[in-house]
Amino acid sequence: MIPVSRPCLGREEAEAVARVMGSGMIAQGEAVAAFERAFASYIGVKHAIATSNGTTALHTALLAAGVGPGDEVIVPSFTFIATATSVSMCGATPVFADVDDRFFCLDPASAEALVTERTKAVLGVHLFGQPFDVLALTDLCQDQDLLLLEDACQAHGSTFRGKRLGSLGELACFSFYATKNMTTGEGGMVTTADPELAAKVRLLINHGQKEKYLHTTLGYNYRMTDMNGAMGFVQLGRLEGMNAKRQANAKYLDNHIQCPGVVTPAVRPACTHVYHQYVLKVENGAKLPRDGLLQGLAARGVGTAVHYPRPVHDQPLYRGQQGRGPCPVSIRLASSVLSLPVHPLLSREDLEAIGRAVQEMM
Ligand SMILES: Cc1ncc(COP(=O)(O)O)c(C=O)c1O
């Protein structure tokens, strides 16, 4: 079976982790600090704070932004659950806006319609590896005096008008989970230009500890280990190459999948797409419905996934809350999207097999 995702790890990562293990200093230390400096410089921000995963990055970024009980944060309904649950973890309310049908990201008009006097922030998601509409959402946030936060957990290295995602909102969050474009197994990062916000995040991820055993605020243990930091440093150095391979794979699939009712991913103008996922839309008029294609591909040895089969506003966790939905585009996408393998370890034969399988069935 061609796996839908696979981490791209080599000897360099293994050696970097072994060096940390051999040093006897395996909790947070110099390897994490070096990774943070390199990541901040790559994204083009002053501050990067490593965390234990993307969810803890989001939780602490929202807390640092002052999000708390009584506040509302506008999030897209078509995303991974952690975008919303991190808001709930702060005691605030995620308010679900719809996404646009082409790029799958937060629809600015839908977000604007949900602004109330309780709205504190908009948490946009750069979904599948390309940016949300940064200009429209920046305008909205400026007009309404809201914070713009970036969930960049799927968008390492992607750009909007030449600027790296993760440098465009007040705070941004990344995940280094095993399937991401770069990985530390589990891991995350908060980026910001603001020194005060950076200091708050640093305090929150380390037990609210201002100096050793002096605790000034309720904090957490959300630190990254030096083993993860060492792996992240090596992965960051390989990111551009791995993204270029994903882009070349996506181009092959774009060129070899041309079937009625099957829509290949659109790329927002003046932006880059780093194809964390390569997501097809299977629409009315296609030869098979989405699930028929999924089953047929599995039978032909092609692994796929559905990102995401249920919009967040319709999850049992959030269902029935006031002011949720209807988010019709998110609902439609949940039953029409299908992710194909696009990761850097695909061979030419794999790509040919994927393209041929879709083409034959559809
Ligand atoms: C959009 C989005 N937000 C948040 C997260 C949470 O990251 P993690 O799994 O590292 O906690 C993910 C990762 O899966 C994600 O894709």
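Quick note: structure is the one above.
Residues numbered from 1 in each chain as written. Predicted model: local features only at pLDDT ≥ 70, side-chain atom pairs only at ≥ 80, totals over all residues. Heavy atoms only, no water.

Draft legend 1. Fine view of the pairing of strand β8 (residues 171-175). Burial analysis of β8 places five of its five residues in the buried class, which makes it a mostly covered element. By the alternation rule, side chains of β8 split into Leu 171, Cys 173 and Ser 175 and Ala 172 and Phe 174, which are all buried. Inspection of the sheet shows strand β5 (residues 147-151) paired to β8 by three bridges, in the parallel sense. Looking at the pairing, Glu 150 lines up with Ala 172 of β8. Note: β8 against strand β9 (residues 188-192), four bridges, orientation antiparallel. By the bridge assignment for β9, Cys 173 is matched with Val 190. (Buried < 20%, exposed > 50% of the residue type's maximum accessible area, 1.4 Å probe, protein only. Helix = DSSP H or I, 4+ residues; strand = E, 2+ residues; numbered from the N terminus. Pairing = 2+ DSSP bridges.)

Draft legend 2. Layout of unusual backbone geometry. Going from His 307 to Tyr 308, the amide bond is cis rather than trans, its omega being 10 degrees. Residues other than glycine seldom take positive phi values, yet Arg 161 does so here, at roughly 45 degrees. By the secondary structure assignment, Arg 161 is in the loop between β6 (159-160) and β7 (163-164). A positive phi angle, near 50 degrees, is found at Cys 327, a position not held by glycine. Residue placement: Cys 327 occurs in the loop between α9 (290-299) and α10 (328-334).

Draft legend 3. A look at the pattern of salt bridges. On inspection of all chains with the given rule, the structure shows 13 salt bridges. Residue Arg 238 is joined to Glu 13 by a salt bridge in which the shortest nitrogen-to-oxygen separation is 2.6 Å. Of this pair, Arg 238 sits in helix α8 (residues 226-256) while Glu 13 sits in helix α1 (residues 11-23), and the two are 225 residues apart along the sequence. Classification of Arg 238 by relative accessible area gives partly exposed; the value is 26%. You can call Glu 13 buried: its relative accessible area is 3%. (Salt bridge = Lys/Arg side-chain N within 4 Å of Asp/Glu carboxyl O.)

Draft legend 4. Region of interest: helix α11 (residues 348-361). Here α11 spans 20 Å end to end across 14 residues, near enough to the 20 Å set by a 1.5 Å rise per residue. Restricting attention to buried positions, one finds in α11 the residues Leu 351, Ile 354, Gly 355, Ala 357, Val 358 and Met 361. Taken end-on, α11 shows its buried residues confined to a sector of 160 degrees, consistent with a single buried face. Counted as exposed and oriented over 90 degrees from the buried face of α11: Arg 348 and Glu 349. Among the structural elements, α8, α9 and β14 (337-340) are those in contact with the buried residues of α11. (Expected span 1.5 Å × (residues − 1). Arc of directions from axis to C-beta. Contact = heavy atoms within 4.5 Å.)

Draft legend 5. Layout of the sheet that holds β5. Reading across the sheet, the seven strands line up as β1-β9-β8-β5-β4-β2-β3 and stay open at both edges, with mixed pairing between neighbours. Of all the strands in the sheet, just β1 (47-51) and β3 (93-97) have a single pairing partner and so form its edges. Across the sheet, the mean angle from the axis of one strand to that of its neighbour is 25 degrees, orientation sign disregarded. Pairing of strand β2 (residues 72-76) with strand β4 (residues 119-125) involves three bridges; the strand directions are parallel. Residue pairing across strands places Glu 72 opposite Thr 119, the latter belonging to β4. (Axes fitted to C-alpha atoms, helices over the stretch in contact; angles between N-to-C directions.)

Draft legend 6. Seen up close, the packing of aromatic side chains. Taken as a whole and judged by the stated rule, the model has 13 aromatic pairs. Considering the side-chain rings of Phe 78 and Tyr 308, the 6.3 Å spacing of their centres and the 75 degrees angle between planes classify their relative orientation as edge-to-face. Taken together, the residues Phe 78 in the loop between β2 and α4 (82-89) and Tyr 308 in the loop between α9 and α10 connect sequence positions 230 residues apart. Measuring from centroid to centroid gives 6.4 Å for Phe 128 and Tyr 308, while their planes differ by 20 degrees, and the two rings are stacked. Placement of Phe 128 in the loop between β4 and α6 (134-144) and of Tyr 308 in the loop between α9 and α10 is noted, with a sequence separation of 180 residues between them. On the basis of relative accessible area, Phe 128 is assigned to the buried category, the value being 2%. Through successive ring pairs, a cluster of aromatic residues spans Phe 78, Phe 80, Phe 104, Phe 128 and Tyr 308. The ring of Tyr 42 carries the charged tip of Arg 164 above its face, separated from the ring centre by 4.1 Å. (Phe/Tyr/Trp six-rings, centres within 6.5 Å; stacked < 30°, edge-to-face > 60°. Lys NZ or Arg CZ within 6 Å of the ring centre and 35° of its normal.)

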